[in-house]
Protein chains: 2
Amino acid sequence: MAARGSPTITTIAEAAGVSIASVSRVLNGLPVRAETERRVLDAAGRLGYVPNSVARSLRSARTHQIAFAVEDIGNPVYLAMLREIQPLLKAAGYRLVLHSTGADTAEEVEVLRGLGQRYADGLIIVPIRVTDEHVAELRAVEAPVVVIGSLPGDGLADNVRTDSRRGVDMALRHLAELGRRRIGFINGPADTVPGGARSEAFRAGTARAGLTVEDGALHEGRFDRETGAEGVRRMAEGPAPMPDALLCANDLIALGALDALRARGLDVPGDVAVVGMDDTDLAAVSWPPLTSVSLGSAERGRHAARLLLDRLDSGAAPSAPRVVTVEPRLVVRASTGGARVVDNGSAAG
Amino acid sequence: MAARGSPTITTIAEAAGVSIASVSRVLNGLPVRAETERRVLDAAGRLGYVPNSVARSLRSARTHQIAFAVEDIGNPVYLAMLREIQPLLKAAGYRLVLHSTGADTAEEVEVLRGLGQRYADGLIIVPIRVTDEHVAELRAVEAPVVVIGSLPGDGLADNVRTDSRRGVDMALRHLAELGRRRIGFINGPADTVPGGARSEAFRAGTARAGLTVEDGALHEGRFDRETGAEGVRRMAEGPAPMPDALLCANDLIALGALDALRARGLDVPGDVAVVGMDDTDLAAVSWPPLTSVSLGSAERGRHAARLLLDRLDSGAAPSAPRVVTVEPRLVVRASTGGARVVDNGSAAG
DNA sequence: TTGTAAGCGTTATCAC
DNA sequence: GTGATAACGCTTACAA
């Protein structure tokens, strides 16, 4: 009869009539006598031995797990990152531990702190806000961390960012070229990292391009569809004339705006041109297909995974934190009536 | 100066001038003298002690991790499940380890086998196929497993399923009621669990409803958009008349079909009514909005998480495997021109 | 080549 | 109430 519970190297050793050290050697491909190897493999096979990864981890101080933390895995942007990250980690022999923290900043900090429990060898995190607490934890944490999104100051951690200001500029330039002059902006929370950057870029970019922004043409909410619909309602019902173009801080907001515009009988892009951001899968599916500023989510995910794996492999050589920047691209679709498919910003002014 | 590496209970014990047993007691809320508690907490706080979860796991044989395995986390159906499962696990104190196995059946079996390494306390898996190997592993595995999707025979594992045959029937009945008679069907791989069930249900359902299925009105591919577009192309270019209604085995296929129909100048639902399956977020976003058979993905995820947590909590009382069945619902949108929003099948025949 | 034994960081069982 | 100590399953000196 098999012993209670799963077999361990001790069980195998007894069954094979050798010591646990020999079992371990065979299992790890170290040199042993052929006869020993045969007996161990035989016993292991017969008893269905599987090494215990927890014990291995305790010994080696390596869990072969990497954590990935985002605000909401339902958001297509984060999903796009995950889809790139997951296969890269798997190929490198790591499992992926997924954290979906929710809007609460404290939970993000908690994830950072939780790394101290050593359940993972490293972390890729996309913080929605970066508070002093984030910074403090980032300094304290021992395991390698890659942050996706802008980080204050340098040298805090490996960092993958995108130039969302430039992305906003590309969108505004595109709209201006189409002859649009009265631009509206629907944003997510301005006190978040992406919300703040987009808000600031919108202000600067419209001024620079000589575009008009009416008082009522700014709306701030969350990064979801309801906010897009609500923003359009407010603008349509306000005293100012309806904008002839709408920049939305992400694709979800833009989809909500499209719905609300359709509900009011406004034509897109005839009456109002609409631009989203992130260029998620939804942009191609929506009607009309959505012009969107790609911030390279997939690419950022890929870079993040590479940076982290690199650090884990390179024998903890503690080199200086690295920063990778991904260029935004404008993907033009029917919601602005444009014909070009891609503007990578390299065309002459 | 702090010692090298993170502090352990040994470090704390030395700093506090007590034994490691006392440190452990304080940390676990066991009765100790007030003075001892103070000294330990003080030292722990000062040195930034964080318990090592790996060591804890080795001792307790509990990892507080649960694995979730699907074919492709990019598929909105699996994402919908994940979005329900993740918060439930988190609330119960478990981390989520995500596996995206890809189309390869062997990888699914590998995940099952990998559980033997004890890196997780349980597993929720959505197999795309169920081979003899799956069955064998399911029998052998010691940790609790919940399978989402139909399972051959009973008692193999806790199981959450849906009656996709009934779902197909509801869609066919809907189309028949709308006066459609020539029905086309675009399926994913028929040798998969969902593909097989849908194929069989389509055959039976059309016969029962007296609907016509032309030879060229069946297309089999993958569960993706390209397959939907390809299916429409084939049907349009074949000798048989174009179907006046199309059942697609999932929403992605349906979206591809919509694209291809539009490209050929065919009106939906005027010329061809289209029904998808899974009722993912995409169905509401597409144009026209897509009528779809909801198979309760979110609900299935929730049930699966509950079943598993239940088993983990109930002190390993090895009760008989349980089966939960989720009822399909037809969600009618513009792609079939219908007006009803939901048909839960309870209406009189 | 092989076995003995120490140690990874905990928890829990003993005596005291 | 507290401290020494064994044990969880594994890898790896060190001896033989």
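In this numbering scheme, every chain counts its residues from 1 along its sequence in written order. Chain A is the first chain written and ligand 1 is the first ligand written, with later ones labelled in order. Note on the predicted model: pLDDT of at least 70 is required for a residue's local features to be given, and 80 or more for side-chain atom pairs to be given and counted; whole-chain, interface and lining totals, by contrast, use all residues. Side-chain numbers here rest on the full set of heavy atoms in the structure, without hydrogens or water.

The name given to chain A in an unreviewed UniProt entry is LacI family transcriptional regulator, and the organism recorded there is Marinitenerispora sediminis.

### Topic: helix 3 (residues 34–47) of chain B
Every α-helix winds through 3.6 residues per turn, so residues three or four apart in the chain are directed the same way. Here helix 3 of chain B contains 14 residues, and its C-alpha end-to-end distance of 20 Å stays within 8% of the 20 Å for a straight helix at 1.5 Å per residue. Contacts between residues were defined by any pair of non-hydrogen atoms, one from each residue, lying within 4.5 Å. Elements are defined by DSSP. Helices are runs of H or I of four residues or more, strands are runs of E of two residues or more, and each kind is numbered from the N terminus. Where helix 3 of chain B is buried, its residues meet helix 1 (9–16) and helix 2 (20–27) of chain B. To estimate the expected span of a helix, count its residues, drop one, and scale the result by 1.5 Å.

### So, the environment of B:Ala201
Residue and element names in this part refer to chain B. Tracing the chain through its elements places Ala201 in helix 9 (residues 193–209). As for Ala201 and Ala80, which are separated by 121 residues in sequence, their C-alpha atoms are 24 Å apart. Here Ala201 is in contact with Arg165, Val168, Asp169 and Leu172, once residues within four sequence places are set aside.

### Observations regarding the relation of the copies chain A and chain B
For this overlay, a least-squares fit was computed on C-alpha atoms, restricted to residues scoring pLDDT of at least 70 in both copies. Overlaying chain A on chain B yields an RMSD of 0.1 Å, the required transformation being a rotation through 180 degrees with an accompanying axial translation of 0.1 Å. With respect to symmetry, the two chain copies, as superposed, fit the operation of a two-fold axis. Minimal C-alpha separation from the rotation axis in chain A is found for A:Val97, amounting to 2.2 Å. Interface residue correspondence from chain A to chain B reaches 98%, placing this contact among same-surface, isologous pairings.

### With respect to the side chain of A:Ser335
All names here are of chain A. Mapping Ser335 onto the fold places it in the loop between strand 12 (329–331) and strand 13 (342–343). Any pair of N or O atoms that falls within 3.5 Å is considered a polar contact. Within protein, one atom must be able to donate a hydrogen and the other to accept it, and sequence-neighbouring residues count only if both atoms are side-chain atoms. Within the structure, Ser335 has its side chain in polar contact with the backbone oxygen of Val274 (distance 2.6 Å). At 2.8 Å, the side chain of Ser335 forms a polar contact with the backbone nitrogen of Thr291. Ser335 has contacts with Val268, Pro269, Val272, Ala273, Val274, Pro288, Pro289, Leu290 and Thr291, leaving out every residue within four places of it along the chain.

### Examining the pairing of strand 1 (residues 65–70) of chain A
All names here are of chain A. Most of strand 1 is tucked away: six of the six residues are buried. Throughout, exposure labels follow a simple rule: accessible area from a 1.4 Å probe, protein chains only, divided by the maximum for the residue type, with under 20% read as buried, over 50% as exposed, and the rest as partly exposed. Residues Gln65, Ala67 and Ala69 of strand 1 are buried on one face, and the alternating residues Ile66, Phe68 and Val70, pointing to the opposite face, are buried as well. The pairing of strand 1 with strand 2 (residues 95–100) spans six bridges and is classified as parallel. If you follow Gln65 over to strand 2, its bridge partner there is Arg95. For the handedness criterion, the strands are oriented away from the viewer, and a crossover whose path from the first strand over the helix to the second runs clockwise is classed as right-handed. Crossover connection from strand 1 via helix 5 (residues 76–91) to parallel strand 2: handedness right-handed. We call two strands paired when DSSP finds no fewer than two bridges between them.

### Topic: the UniProt feature "domain: HTH lacI-type" (unreviewed entry) in chain A
The feature "domain: HTH lacI-type" (unreviewed entry), as annotated in UniProt, sits at residues 7–60 of chain A in this numbering. Segment residues 7–60 of chain A splits into 70% helix and 0% strand. End C-alpha atoms: 21 Å apart. UniProt positions are given in the numbering used here, feature names are shortened, and annotations may be inferred rather than shown by experiment.

### Observations regarding the pairing of strand 10 (residues 291–294) of chain A
All names here are of chain A. With burial as the criterion, each face of strand 10 is covered, one bearing Thr291 and Val293 and the other bearing Ser292 and Ser294. Pairing geometry for strand 9 (residues 273–277) and strand 10, over three bridges, is parallel. Residue pairing in the sheet places Met277 in a bridge with Val293 of strand 10. Pairing of strand 10 with strand 12 involves three bridges; the strand directions are antiparallel. In the sheet register, Ser292 faces strand 12, and the bridge partner there is Val331.

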